[in-house]
Amino acid sequence: MQKQPKSTQWSLYQKEIANDNYFYGRSCIRQNFFPASEKTFLKILREELGKTVLEDPNHTTCTGIGYHSDVVPFDTTQTVVARQFSLMTAMGLKNMALSCITSFGLYTEILDTWHHFPEQLAKIRELLYKATKREFELPENIAHASDVIYKFRNEIAQKAKYKLVNKETGEPLRVVEHIGCHYSKMFPQSGVGGAEFPQVLSGMVEAFGGEIVDYPERRHCCGFGFRNYLVQANRAYSISNTKKKFESMEPFKPDFIITNCPGCPMFLDRWQYAIAEMEGKTYDAQGKGIPVLTYEELAGMVLGYNPWDLGMQMHQIGVESLLDKIGVAYNPEDKYKDIHGNQLPVPECPASLRGKILDTKHK
Amino acid sequence: MVDYCAELEKDIRFQEGLKSCLNCGVCCAICPAAEFYNYDPRSIVTLVQQRNNEVIEQLLKSNTIWYCGQCMSCKTRCPRGNTAGMIIQALRTLSQQLGFFTESEKGRQQYALKKVVGENILNTGYCLCPTMVAPELHVEQGPMWEWVIANIDAVYERMGANYRKPGAGVLRKISDDALQELAQIFEVTGGKEFYKTIEDFSEKKAAEMNLDTTNGPMNDYLVHVYTTNSGTHSGNE
């Protein structure tokens, strides 16, 4: 039997991703730190691809951060998730697209639990009814929102205004992809490409013209660790694990990082800033830090959306070096304006990252 | 004496997480917590597998069970289908139910997590809100985040959010009806009782330590558990 090359082993793990009619589940972390990414996802799906994506304003947190911080019991979390299923059922939908990786992992875990312990499903149905008089159907398809962008990567590439190519050299940009742990480490079959060779982000990057960087700590956690970041006394765990990744990727000189979890881009962005402040160390040649993008920002950027509409001014590591490499058109003066075009105060410049963050040309 | 193993086995995550460990140690090789702390997920699985009640009680009172970051990388790697991270979840739940969590520095942090994340879920419908990430408590968020918080309404409006307003969209105000449903779910599923358990044992511990839990949201005990790091957790001390 011929051994399959390592780089194509991901094809053993394929998953079905619904084609249309999604119930959108928002993410606590993404709404806080990358609010425009959720807006961008809906814009791309609805306006570029003509898909139906509905949300219910009564959708709440799934309690995931509380659950993995061990303050919310499993029965409670299952019942809250069952309520989200009930909102989906009431809209006549059967496909979920979830913004959060923690939610995606939890929903997958809960459905797996109910599959193996049907009495648990019966118990949760009873608890939800007792609490809310609600009933629910199980979803037929659960996707992370990055799965959906992956599914339509070629359609997006066809509409793209920019490619992930260095405009000076013509070479593909070198991209680090970071997959949130709960995307497929718990249930490899739930992620495109499984846990070892997840294709969900690398497929997007390659479709948009970039080149994926493989590096030793590619699958290491970003360092969130729930209680290990949420409690101030534990944050050394978080920054140490993030630092381990940066040290591992540094020799490969990535142009930027892309992530599918809402928390990972925040940690990879902020801990770069913190390491620069603490040790004067940056992991790029120019001393500006490596830009970290969400997949929605990536898709919006190649489609030619205004970077400030994409919310890239909410990054601590400036994205301008990346925009300039590709040749993305943007107005640096609009970075800190409000929705009416009025100038807002400008954030202070970090002490250790070279160049002002407002200095978009980074000469 | 409580039969801790019998209690653990009632937890579905314990049943799912513990198959039979062959002590290969692959979980330790991949574990971010093992790299950072004096922590070894293999030992956790070995100890609970041995079913020694006294040893499990020590574990429930220790810092050890609080080191795991819940990345669940152990599940991917274990050749026998064990998940140390799920066994940890069951141990942490039991430790809190029995009040043992207040016996360790890392365990006592559950009070802060309950106060901050736990209560926010019921008060707002979100695990976290922008103003919870206060710049003075989160210097790592940098000057950009200070800018966000200082201009919060204008920034979130620019981002297309519906911040704290009724209706759909990013960071919308969750309706009172939805919050009421959430509260009811917590009531009937034991979530509220669990919060109270954490609170009651923590108040008892705070009294033993002569720390106040009544002087405001950032009370003395909360600040203590949120910030204390004895520096004895890495094994390199």
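Residues numbered from 1 in each chain as written. Chains lettered and ligands numbered in written order. Predicted model: local features only at pLDDT ≥ 70, side-chain atom pairs only at ≥ 80, totals over all residues. Heavy atoms only, no water.

Peer 1: How should I be thinking about the nonpolar core in this particular structure?
Peer 2: The nonpolar side chains of soluble globular proteins are, as a tendency, buried together. Counting 183 residues, the largest nonpolar core has A:Leu164 and A:Met301 as the members making the most contacts within it. Apart from the residues within four sequence positions on either side, A:Leu164 is in contact with A:Pro172, A:Leu173, A:Val205, A:Phe208, A:Gly209, A:Gly210, A:Phe256, A:Leu298, A:Met301, A:Val302 and A:Ile326. (Core = buried A, V, L, I, M, F, W, Y, C linked by side-chain atoms within 4.5 Å. Buried < 20%, exposed > 50% of the residue type's maximum accessible area, 1.4 Å probe, protein only. Contact = heavy atoms within 4.5 Å.)

Peer 1: Just checking my understanding: could you explain the side chain of B:Ser73 for this structure?
Peer 2: Along the polypeptide, B:Ser73 turns up in helix H7 (residues 73-77). On the accessibility criterion, B:Ser73 (3% relative accessible area) is buried. At 3.1 Å, the side chain of B:Ser73 forms a polar contact with the side chain of A:Lys185. Those residues in contact with B:Ser73, other than ones at most four positions away along the chain, are A:Lys185 and B:Ile30. (Helix = DSSP H or I, 4+ residues; strand = E, 2+ residues; numbered from the N terminus. Polar contact = N/O pair within 3.5 Å; in protein donor to acceptor, adjacent residues only side chain to side chain.)

Peer 1: Would you mind showing me how to read the sheet that holds strand S6 (residues 211-212) of chain A here?
Peer 2: Pairing between the strands of a sheet is mediated by backbone hydrogen bonds and can be parallel or antiparallel. All names here are of chain A. Taken in spatial order, the 4 strands line up as S6-S5-S7-S8 in an open sheet, and their pairing is parallel. Two strands close off the open sheet at either side, each with one partner strand: S6 and strand S8 (292-294). Here strand S7 (residues 256-259) pairs with S8 via 3 bridges, running parallel. In the sheet register, Ile257 faces S8, and the bridge partner there is Val292. (Pairing = 2+ DSSP bridges.)

Peer 1: Explain the sheet that holds strand S2 (residues 53-54) of chain A to me, please; I cannot follow it from the model alone.
Peer 2: Residues and elements named next belong to chain A. The 4 strands lie next to each other as S2-S1-S3-S4, forming an open sheet whose pairing is parallel. In the strand order of this sheet, the two ends are held by S2 and strand S4 (141-144), each with one partner. As judged from the 4 bridges shared by strand S3 (residues 95-98) and S4, these two strands associate in the parallel manner. Looking at the pairing, Met96 lines up with Ile142 of S4.

Peer 1: Please clarify how the domain arrangement of chain B should be interpreted in this entry.
Peer 2: In many analyses, interface size is given as the accessible surface area lost on bringing the parts together. Residues and elements named next belong to chain B. When the domains of chain B are assigned, the result is domain 1 (4-106) and domain 2 (107-227). Contacts between the two partners involve 13 residues from domain 1 and, on the opposite side, 10 residues from domain 2. Together, the buried faces of domain 1 and domain 2 total about 1,100 Å²; carbon and sulfur atoms form 56% of this surface. Three residues, Gln96, Phe101 and Thr102, lead the burial of domain 1 against domain 2; their summed loss comes to 50% of the area buried on that side. Counting the contacts that link domain 1 with domain 2 gives 1 salt bridge. (Domains from an automatic or database assignment. Buried area = accessible area lost by both parts, 1.4 Å probe. Salt bridge = Lys/Arg side-chain N within 4 Å of Asp/Glu carboxyl O.)

Peer 1: Please clarify how the environment of A:Ser37 should be interpreted in this entry.
Peer 2: Residue and element names in this part refer to chain A. On the secondary structure map, Ser37 appears in helix H2 (residues 35-48). Judged by its relative accessible area of 0%, Ser37 is buried. If near-sequence neighbours (up to four positions away) are discounted, Ser37 is found in contact with Arg30, Thr294, Glu296, Glu297 and Leu310.

Peer 1: I would appreciate a short explanation of the domain arrangement of chain A in the present structure.
Peer 2: All names here are of chain A. Structurally, chain A comprises domain 1 (22-145) and domain 2 (153-334). Distance between the C-alpha centres of domain 1 and domain 2: 25 Å. Each partner contributes residues to the interface: domain 1 has 31 residues there, and domain 2 has 33 residues. Around 2,800 Å² of area is buried between domain 1 and domain 2 when both sides are counted, 71% of it from carbon and sulfur atoms. On the domain 1 side of the interface with domain 2, the three residues burying the most area are Phe34, Glu48 and Ile101, jointly 22% of the side's total. On inspection of domain 1 and its partner domain 2, the count reaches 2 salt bridges. Salt-bridge contacts for Glu48 lead to Lys159; the nearest nitrogen and oxygen are separated by 3.8 Å. Considering each element in turn, the side of domain 1 that touches domain 2 owes the most residues, 9 residues, to H2. Class assignment of the residues belonging to the side of domain 1 that touches domain 2 gives a composition of 13 nonpolar, 12 polar and 6 charged. (Nonpolar A, V, L, I, M, F, W, Y, C, P; charged D, E, K, R; others polar.)

Peer 1: Sorry, what's going on with helix H14 (residues 295-302) of chain A here?
Peer 2: Each turn of an α-helix holds 3.6 residues, which means side chains three or four residues apart point in the same direction. Across the 8 residues of H14(A), 8 count as buried, placing the element largely inside the fold. Along H14(A), the residues that are buried comprise A:Tyr295, A:Glu296, A:Glu297, A:Leu298, A:Ala299, A:Gly300, A:Met301 and A:Val302.

Peer 1: Even after reading the chapter, I still don't get unusual backbone geometry, so can you show me in this structure?
Peer 2: Where the residue is not glycine, phi is negative for most of them; where a peptide bond is considered, it is trans in most cases. One non-glycine residue, A:Asp70, lies in positive phi territory at about 70°. Phi is positive for B:Leu171, which is not a glycine, with a value near 55°. Here B:Leu171 is to be found in the loop between helix H12 (152-158) and helix H13 (176-189).

Peer 1: What is the right way to read the confidence of the model for chain A from this model?
Peer 2: The predicted coordinates of low-pLDDT regions are not to be read in fine detail. Overall, the predicted model of chain A reaches an average pLDDT of 94, with 94% of residues at or above 70. Taken as a whole, residues 355-363 of chain A scores under 50 in pLDDT and shows 24 contacts with residues more than four places along the chain or in a different chain. (pLDDT = per-residue confidence, 0-100.)

Peer 1: What is the right way to read the packing of aromatic side chains from this model?
Peer 2: The description of an aromatic ring pair uses the distance of the two centres, along with the angle that the planes make with each other. Residues and elements named next belong to chain A. Applying the stated criterion across every chain, the model contains 26 aromatic pairs over all chains. The structure contains a cluster of three or more aromatic residues connected by ring pairs, namely Phe224, Phe226, Tyr229, Phe267 and Trp271. A cation sits over an aromatic face here: Arg235 above Tyr229, 4.8 Å from the ring centre. (Phe/Tyr/Trp six-rings, centres within 6.5 Å; stacked < 30°, edge-to-face > 60°. Lys NZ or Arg CZ within 6 Å of the ring centre and 35° of its normal.)

Peer 1: It is not clear to me how the packing of helix H8 (residues 84-97) of chain B against helix H14 (residues 191-208) of chain B should be interpreted in this structure. Could you clarify?
Peer 2: Between two packed helices, the angle of one axis relative to the other and the distance separating the axes together describe the packing. Residue and element names in this part refer to chain B. One way to put it is that H8 packs onto H14 with a least axis distance of 9 Å and a crossing angle of 60°. Classified by the angle their axes make, H8 and H14 are oblique. Contact residues: Thr93, Gln96 and Gln97 in H8; Phe194, Thr197, Ile198 and Phe201 in H14. (Axes fitted to C-alpha atoms, helices over the stretch in contact; angles between N-to-C directions. Parallel < 35°, antiparallel > 145°, perpendicular 65-115°, else oblique.)

Peer 1: Teacher, can you tell me more about the interface of chain A and chain B here?
Peer 2: With 95 residues of chain A at the interface, the matching set in chain B holds 84 residues. For the pair chain A and chain B, the two sides together bury roughly 7,500 Å², of which 60% comes from carbon and sulfur. The three residues of chain A that bury the most area against chain B are A:Asp70, A:Val71 and A:Arg227, which together make up 10% of that side's buried surface. Here B:Glu181 ties to A:Arg134 by a salt bridge, and the two come within 2.7 Å at their closest N and O atoms. For the pair chain A and chain B, the interface holds 46 residue pairs in polar contact (both at pLDDT 80 or more). Class assignment of the residues belonging to the side of chain A that touches chain B gives a composition of 42 nonpolar, 31 polar and 22 charged.

Peer 1: Looking at this structure, I do not really get the side chain of A:Arg235. What am I missing?
Peer 2: The topology assignment puts A:Arg235 in helix H12 (residues 235-249). Here B:Leu137 takes part through its backbone oxygen, which lies 2.9 Å from a polar atom of the side chain of A:Arg235. Among all residues touching A:Arg235, those that are not within four sequence positions of it are A:Asn228, A:Tyr229, A:Leu230, A:Trp271, B:Leu137, B:His138, B:Glu140 and B:Tyr226.

Peer 1: Any chance you could explain the pattern of salt bridges here in plain terms?
Peer 2: Between side chains of opposite charge, a pair can form when the charged atoms approach closely. Enumeration according to the criterion identifies 42 salt bridges over all chains in this entry. A:Glu247 is paired through a salt bridge with A:Lys243; the nearest N and O atoms lie 3.9 Å apart. Taken together, the residues span about one helical turn, with A:Glu247 and A:Lys243 both in helix H12 at a distance of 4 residues. Owing to a relative accessible area of 44%, A:Glu247 belongs among the partly exposed residues under this scheme. Taking the relative accessible area as the measure of exposure, A:Lys243 reaches 22% and is therefore partly exposed. Among the ionic pairs, B:Arg164 bridges to B:Asp153, the shortest N-O distance being 3.7 Å. With B:Arg164 in the loop between H12 and H13 and B:Asp153 in helix H12, this pair connects stretches of sequence that are 11 residues apart.

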